Amino acid sequence: ADVITFKAGNGTTITFPHKAHQQALKNCKVCHEKGPGKIEGFGKEWAHKNCKGCHADKGAGPTKCGECHKK
Ligand code: HEM
Ligand code: HEM
Ligand code: HEM
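Residues numbered from 1 in each chain as written. Chains lettered and ligands numbered in written order. Predicted model: local features only at pLDDT ≥ 70, side-chain atom pairs only at ≥ 80, totals over all residues. Heavy atoms only, no water.

Further remarks concern the layout of surface pockets. By volume, the largest pocket is sized at about 1300 Å³. When residues of the lining of the largest pocket are assigned to their parent elements, the largest contribution, ten residues, is made by helix H2 (residues 44-58). The calculated volume of the second largest pocket comes to roughly 170 Å³. Lining the second largest pocket, in full, are Cys 31, His 32, Glu 33, Lys 34, Gly 35, Lys 38, Ile 39, Glu 40 and Trp 46. Each residue belonging to the lining of the second largest pocket can be placed in one class, and the counts come to three nonpolar, two polar and four charged. (1 Å grid on protein atoms, 1.4 Å probe; cavity = no way out; pocket = protein on both sides within 12 Å on 5 of 7 lines; lining within 4 Å. Points joined across faces, edges and corners; volume = space filled by probe spheres on them. Helix = DSSP H or I, 4+ residues; strand = E, 2+ residues; numbered from the N terminus. Nonpolar A, V, L, I, M, F, W, Y, C, P; charged D, E, K, R; others polar.)

Here is the structure:
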């Protein structure tokens, strides 16, 4: 899918532009250590470490709660 959406338990939705990340990062293994498909252990901890962490490191992409978690 070009865009993947996640429904978080706090009633918010997170939109993840998957294709844009594939193109920008070029390396699937950044996120898919074990190969393409569902990510084992994906959830709050994974996302806050990897999604938010990468955006903070690169100074690009959302790092504030409400920038990812939308009503
Ligand atoms: C999951 C809060 C920042 C992306 C969660 C959950 C909470 C939460 C409570 C778990 C909800 C549940 O039980 O299902 C917060 C707060 C933030 C923050 C308070 C600010 C300090 C962010 C940011 C991003 C992000 C900046 C994106 C870069 C996600 C994702 C999930 C998640 C992808 C997993 C959803 C799933 O399991 O499908 N967050 N978040 N969050 N958060 Fe955040
Ligand atoms: C899900 C492939 C790069 C993060 C998926 C899925 C596939 C896939 C086949 C299953 C869902 C779907 O039908 O789309 C790939 C390939 C990549 C790549 C071939 C490289 C060209 C990335 C990158 C990231 C990422 C760089 C992170 C920035 C995710 C996430 C999911 C996912 C978070 C959802 C995982 C889940 O629900 O458990 N990917 N991906 N992918 N991908 Fe990728
Ligand atoms: C941009 C979400 C993981 C690097 C973005 C944007 C969103 C987002 C919503 C803004 C796109 C726009 O402005 O149109 C997420 C979520 C992630 C995730 C929910 C986890 C499932 C990552 C990871 C990296 C990364 C792991 C790096 C290793 C970037 C960069 C940008 C960006 C460099 C800005 C450039 C661009 O828009 O392509 N991300 N991201 N992201 N993200 Fe992520």
